[in-house]
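# Remarks on the overall topology
For reference, the chains in residue letters:
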Amino acid sequence: MSDTHAESVAFVRDTAIPPAPPPNAQAGAIKWVRANLFSTWANAGLTIAAIYVIYLILVAIWPWLTNGVWTAPSLSACREVLQGEVGACFSVLTERWNQLLFGFTYPSDQYWRPGISFLLLFAAIAPVMFFKLPRKLLIITALYPFVAYYLIWGGTILTPIIALLGFVVGYLAYARLVKGNFAAGFFAGIAAAALVWWIGGMIVGVMGPEAPWLEEVPSRDMGGFMLNLILGVTCVSLSIPLGIVLALGRQSNLPLIKGICVVFIEFIRGVPLITLLFVANVVLAYFLPPGTTFDLILRVIIMITMFASAYIAEVIRGGLAALPKGQYEAGDSLGLDYPQAMRLIILPQALKISIPGIVNIAVGLFKDTTLVSVISMFDLVGMIRGPILASTEWNGVYWELFSFAALLFFIVCYGISQYSQWLERQLATGHR
Amino acid sequence: MSTITDPDRGGFRVSQLLSDTRYRAITFQVIAFLLLVAVFYYLGNNLVQNLRAAGLNFSYGFLDEAAGYDVGQALIPYDSQSSNWQAAKVGILNTLLVAVLGCVTATILGVVAGVLRLSKNWIVSRLMAVYVEAFRNVPVLIWILIIYAIMTVVLPAPNAFRGDTPDSTMLMGMFAFTNRGIYIPAPVFNAGSMIVVGVFIASIIAMFAYRAYAKKVLFDTGKLLPTALPSLAILFVPALLIFFILGRPIGLDIPVLSGFNFGGGIKIGAPLIALWFALSVYTGAFIAENVRAGIQAVSEGQTEAAAALGMRPRRIMNLVVLPQAMRVIIPPLISQYLNLTKNSSLAIAVGYADVTATLGGITLNQTGRAIECVLLLMLFYLAISLAISAVMNAYNNSVKLKER
C-alpha cells in the first residue's frame with residue numbers, strides 16, 4: 001500500500017504534457033528521404049544511379065516532346081519548321097489519325113458509326129464488369145453485338161434482326177425444356193435457332209432492301225485500332241463459352257471426350273499464334289467446301305478464338321481444381337445431375353475464382369491482335385508499317401507513330417489490368 | 001433398405017442408353033466418336049477435292065529442291081542453291097539461337113528487376129514498376145519494331161567510321177555499332193588452344209568439387225570454409241597461367257573497316273539484336289513479376305524464424321527465402337521461356353531468318369506448299385513446347401513437397 005496521498009504532496013499533475021515535436025531529423029520529408037533513399041551506402045548509390053537514369057531519359061525525351069510540331073503536311077515540312085532542333089513531328093498524328101484509328105478504306109463520312117459502337121461498348125461491358133449494377137442492364141450487353149455489327153458493317157438491317165431472333169427463339173425453346181432435361185433443352189434451343197436462321201437466310205436472300213439505311217462496308221475495309229478492338233472484343237467474348245466447354249471436357253471422366261479436349265488444348269497452346277494466323281490465311285480455305293469464299297476477318301476471328309479458348313480453358317480448369325471436393329460431393333448428394341450441379345454449384349464458384357486469370361488472358365489476347373499485321377491485315381501496327389511509313393510524306397516518322405500505338409495499347413491494357421486487381425480485391429472476401 | 005444403383009428390372013431396354021448411368025457414358029462417347037469421324041471425314045474430303053481442283057498433291061518433295069533465296073544470318077553453311085530443307089534447318093537453328101539468348105538475358109533482367117522492385121528504396125522500386133508496367137502492357141510486336149527502328153535509324157552506317165576524323169568510333173577499338181548490326185571480335189583458336197580450353201573445363205569441374213567439399217566440411221564439422229574467392233581463383237587462375245605459358249594461343253579477330261563494310265570479327269545482324277533485345281526486355285518484365293510474387297509467397301515467419309536462429313540477412317536470403325521462393329518461381333519462369341520461344345516467331349516482322357520466316361514465309365510463298373509448310377512449322381513448335389513442359393514436369397516432381 002502506498003502512503004502517498006493527494007493531499008499530502010505539494011504538486012500532482014492532473015493533465016498530460018503536450019507531446020514535444022520529434023527532432024527535425026526524425027520527422028517529415030527528411031526522415032522519409034533518409035529512411036527510404038539513403039538508409040545505407042548501397043542504397044544511396046542505387047538512389048543516385050536511379051535519379052541519373054531518370055535524368056537521362058527526361059533529357060532525351062523532354063525537348064522532343066515540347067518542340068513537337070503539330071501542323072505540317074509532311075516530314076520535310078516538319079524538319080523545316082524545326083530547323084535542325086530536336087523535336088517530334090506529331091503532325092503525322094493530326095494528319096493521319098483517321099487512318100490510324102479506322103484504317104484507310106473505311107468511308108470517312110461513316111466514322112460516326114464505329115465511334116458510337118465504341119461508346120456503346122462501355123455501356124454493354126459495364127454490367128459485366130461491375131456486379132453492383134442492376135442485373136437488368138445485362139439486356140444492353142445481350143443486344144450490343146447485334147447493334148454493333150449493324151453499326152460497323154451496315155447493310156440490310158434484317159441480318160442482325162434475324163440473328164437476334166434466332167437467339168431469342170433458341171433461348172425460349174431452351175427455357176421451356178431445360179426444367180425436364182438439360183440436354184433436351186440445349187439441343188432444342190440449337191435446333192430452334194438454326195431453324196430461324198435458315199428461314200431468315202432465305203427471307204434476306206429474297207427481299208434484301210435495295211438501299212439500306214446504313215451503307216454497307218465490306219470487312220476488308222476494316223482497319224486501324226478499330227480492327228484491334230473488333231478482334232479483341234469478339235474473340236474474348238466468343239472464347240469464354242468455348243473455354244468453359246473445353247475445361248469441363250478436360251475434367252470429364254469420359255476418356256474419349258477428355259482425350260479430344262486435352263489434344264486440342266495442348267496442340268493450340270504449343271504453337272505460336274502466327275502459325276495459326278498462317279492457317280487462317282492460306283490453309284483454312286483448303287478444308288472448306290470447294291467454291292466457298294470466306295472473309296479473311298472471319299477466318300482470323302475463328303483461329304484467334306480457338307487460340308484464346310485453349311488458354312481460357314486452362315485458367316478455368318485451375319478454378320475447377322481449386323474448388324474443394326466437398327462442393328462436387330454436395331451437388332451429388334443433393335441428387336443434382338451433372339448439368340445441374342455444374343450450372344448451379346460448380347461453375348459459379350469456379351468462374352469467380354478464374355476471373356482474374358481470364359482478364360489476364362484477355363489483355364494478352366488484345367496485345368496479340370497486332371500479329372494480324374504479319375498476314376497483311378491493316379490493323380494499327382499494319383497501318384503504321386504499311387501505308388503510312390511507305391508514303392512519301394511520312395517516310396521516316398518512326399517514334400511518333402510507334403509511341404502513339406504503344407500509348408493506345410498501354411491505356412487499354414493498363415486499364416484492364418488495374419480493373420483486374422481491383423476485382424481481385426473485391427472477390428477476395430470469403431476465400432482463404 | 002435403399003439401393004444406390006438402379007434396381008435391376010431384368011433385361012436391357014434401349015431407353016437405358018440415355019437414362020442409366022451405367023450405359024450413358026458409353027452412349028455419349030460413341031456419339032462423340034461418330035461426330036469426330038464425321039468432322040474429320042468432311043474436312044479431309046474437302047481437302048482432297050480442293051487439292052485435286054488445284055492440281056496439287058500432298059508431298060514433301062519440295063524440301064529437296066533448291067531454295068533459291070538468301071538469308072541474312074545462318075549458323076550452318078547455306079547459300080541460295082541449298083535445299084529448302086537446309087533453309088528450314090537454318091531457320092530452326094536461328095530460332096533456337098534467339099530463344100536461348102533471349103531466355104538468358106530475360107532471366108537476368110527479370111530477376112534483377114523483380115528483386116529491385118521489392119527494394120526498400122522508393123525511387124528504385126518505382127522505376128522498376130514503371131519498367132514492368134510499360135513493357136507488360138504494350139504488344140511485343142511494337143517493341144520489336146521500335147528497337148529495330150533504333151538499330152537501323154539511330155545507329156550510324158559503316159561509312160561513318162571512315163576517314164581520319166570519323167563521325168563514329170569503335171567502342172574500345174573492338175566493337176562497332178552500325179545500322180547493319182553489331183560487329184564484335186571473334187576468338188581465333190591457334191595451336192595449343194585446346195589445352196587452355198581443356199584446363200578451363202577442368203577448373204569448372206574442380207570449382208564444383210571444391211564447393212561440394214566445403215559443404216561436406218560444413219555439415220560434418222560445422223566449419224565454414226570461404227567459397228566465393230577460392231571459387232573464382234580455381235576458375236580463372238590455372239586457365240590464365242596456361243594461357244600465358246603457352247604464349248597466348250587464343251587470339252582475337254577484331255573487325256576492321258574494309259570497303260563499304262566491316263570485315264572480320266563476328267557480325268550480329270540488326271534483326272537478331274532487335275528481336276533478342278525486345279524479347280528479353282518484354283519477357284523480363286513478366287519474369288520480374290514472377291520473381292516478386294515468388295519472394296512474397298515465402299511467409300514472413302520464415303524470415304523471422306531464421307533471424308531468431310541468429311542468421312545474417314544475406315544468409316537468410318540465400319539459405320531460407322530463395323530456396324523456398326524458387327519452388328514458386330520456376331514453373332511460371334519456364335512457361336515464360338516457352339512464351340519467349342513462341343514469340344520469337346515474330347522475327348518475320350523484322351526479317352530475321354527464323355523458322356517461321358524461312359519455312360513458313362519464303363519457302364511457303366515460293367513453293368505454294370501451304371499445308372505441308374504450316375504443318376511442319378507447327379510440329380516443330382509443338383516438339384519444343386512438349387520438350388519444355390516435360391522438363392517442367394520433371395522439375396516440379398523433384399521439388400514437390402514430399403508428404404508422408
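Quick caveat, the model's predicted, so the values are computed rather than measured.

### Re the overall build of chain B
Each helix and strand in chain B was counted, giving twelve helices and seven strands. On C-alpha atoms alone, chain B measures out to a radius of gyration of 29 Å, which is more than a quarter above the 22 Å that the 2.2 N^0.38 rule sets for 404 residues. Overall, chain B is about 100 × 75 × 45 Å in size when its C-alpha atoms are taken along their principal axes. When the 404 residues of chain B are sorted by exposure, 30% land in the buried category. Counting only contacts in chain B whose residues sit at least 6 apart along the sequence, the fraction spanning at least 24 positions is 66%.

### Here's the deal with the confidence of the model for chain A
Scored by pLDDT, chain A comes out at a mean of 86, with 97% of its residues at no less than 70. Helix α9 (residues 224-251) of chain A holds the highest mean pLDDT among the elements of chain A, 92, whereas helix α1 (residues 28-36) of chain A holds the lowest, 79.

### Examining the interface of chain B and chain A
With 46 residues of chain B in contact, the opposing surface of chain A contributes 42 residues. Looking at the side of chain B that touches chain A, the elements with two or more residues in it are α2 (21-54), α4 (122-136), α5 (140-154), α11 (355-367) and α12 (370-399) of chain B. At 13 residues, the largest contribution of residues to the side of chain B that touches chain A is made by α2 of chain B. Taken together, the residues of the side of chain B that touches chain A sort by class into 33 nonpolar, ten polar and three charged.

### Brief notes about the packing of α9 of chain A against helix α10 (residues 255-270) of chain A
Residues and elements named next belong to chain A. Contact pair α9 / α10: the axes reach a minimum separation of 7 Å and the direction vectors enclose 125°. The angle between α9 and α10 falls in the class oblique. As for how α9 packs across α10, the hand of that crossing is left-handed. On the side of α9, the interface is formed by L246, G249 and R250, while α10 contributes I257, K258, I260, C261, V262, F264 and I265. In terms of residue class, the contact of α9 with α10 is built from seven nonpolar, one polar and two charged.

### Quick word on the nonpolar core
In this structure, L277 of chain A together with I142, W143, I144, A274, L275 and A278 of chain B are the most contacted members of the largest nonpolar core, which totals 157 residues. When residues in this core are grouped by element, the largest group, 16 residues, is from helix α8 (residues 270-297) of chain B. When sequence neighbours within four positions are dropped, the list of residues in contact with W143 of chain B reads F135, V138, A278, V281 and Y282 of chain B. Within the second largest apolar cluster, five residues are counted, among which are I162, A192, A193 and V196 of chain A.

### Looking at the environment of M378 of chain B
Along the polypeptide, M378 of chain B turns up in helix α12. Each C-alpha atom of the pair M378 of chain B and T356 of chain B lies 9.6 Å from the other, and the pair is 22 residues apart in sequence.

### Focus on α12 of chain B
Under the 1.5 Å per step criterion, the end-to-end length of α12 of chain B is 43 Å for 30 residues, consistent within 8% with the ideal 44 Å. When α12 of chain B is considered as a whole, its buried residues turn out to be A370, E372, C373, V374, L377, M378, F380, Y381, I384 and S385 of chain B.

### What to know about the domain arrangement of chain A
Under the domain assignment, chain A is made up of domain 1 (19-63) and domain 2 (220-432). When each unit is reduced to the centre of its C-alpha atoms, the spacing between domain 1 of chain A and domain 2 of chain A is 43 Å.

### Description of the confidence of the model for chain B
Residue and element names in this part refer to chain B. Of the residues in chain B, 93% reach a pLDDT of 70 or more, and the chain-wide mean stands at 83. By mean pLDDT, helix α1 (residues 16-19) is the weakest element of chain B at 70, and helix α9 (residues 300-308) is the strongest at 92. Scored as a whole, the predicted complex attains pTM 0.86, and scored at its interfaces, ipTM 0.87.

### Overview of the sheet that holds strand β7 (residues 266-269) of chain B
In sheet architecture, strand pairing relies on hydrogen bonds along the backbone and comes in two forms, parallel and antiparallel. Residues and elements named next belong to chain B. If you walk across this open sheet you meet the three strands as β1-β2-β7, and the pairing is antiparallel. The open sheet has two free edges, formed respectively by β1 (176-178) and β7, since each of these has just one partner strand. The sheet shows a mean angle of 15° between the axes of neighbouring strands, direction not considered. Lying over the sheet, α8 contacts β2 (181-184) and β7, oriented at roughly 60° with respect to β7.

### Here's the deal with unusual backbone geometry
Residue and element names in this part refer to chain A. The phi torsion at S376 lies on the positive side, around 50°, for a residue other than glycine. You can see S376 is positioned in the loop between α14 (338-368) and α15 (380-390). Judged by the 11 C-beta atoms lying within 10 Å of it, S376 falls in the exposed class.

### Brief notes about the environment of S389 of chain B
Secondary-structure assignment places S389 of chain B in helix α12. C-beta crowding within 10 Å serves as the criterion here: with 17 such atoms nearby, S389 of chain B is assigned to the partly exposed category.

### Section: helix α7 (residues 158-177) of chain A
All names here are of chain A. The end-to-end C-alpha distance of α7, which contains 20 residues, comes to 28 Å, matching closely the 28 Å that a straight helix rising 1.5 Å per residue would cover. Every buried residue belonging to α7 is among I162, G166, G170 and A173, and all of these are buried. Summarising the axial view, the buried residues of α7 lie within an arc of 75°, below the 170-degree limit, and thus occupy one face. Looking at the buried side of α7, the elements it contacts are α8 (182-207).

What counts and what doesn't
- Residues numbered from 1 in each chain as written.
- Chains lettered and ligands numbered in written order.
- Predicted model: local features only at pLDDT ≥ 70, side-chain atom pairs only at ≥ 80, totals over all residues.
- Helix = DSSP H or I, 4+ residues; strand = E, 2+ residues; numbered from the N terminus.
- Rg over C-alpha atoms; globule rule 2.2 N^0.38 Å.
- Buried ≥ 20, exposed ≤ 12 C-beta atoms within 10 Å, placed from the backbone.
- Contact = placed C-beta atoms within 7 Å.
- pLDDT = per-residue confidence, 0-100.
- Nonpolar A, V, L, I, M, F, W, Y, C, P; charged D, E, K, R; others polar.
- Axes fitted to C-alpha atoms, helices over the stretch in contact; angles between N-to-C directions.
- Parallel < 35°, antiparallel > 145°, perpendicular 65-115°, else oblique.
- Left-handed = near helix turned anticlockwise from the far one by under 90°.
- Core = buried A, V, L, I, M, F, W, Y, C linked by C-beta atoms within 7 Å.
- Expected span 1.5 Å × (residues − 1).
- Domains from an automatic or database assignment.
- Pairing = 2+ DSSP bridges.
- Arc of directions from axis to C-beta.

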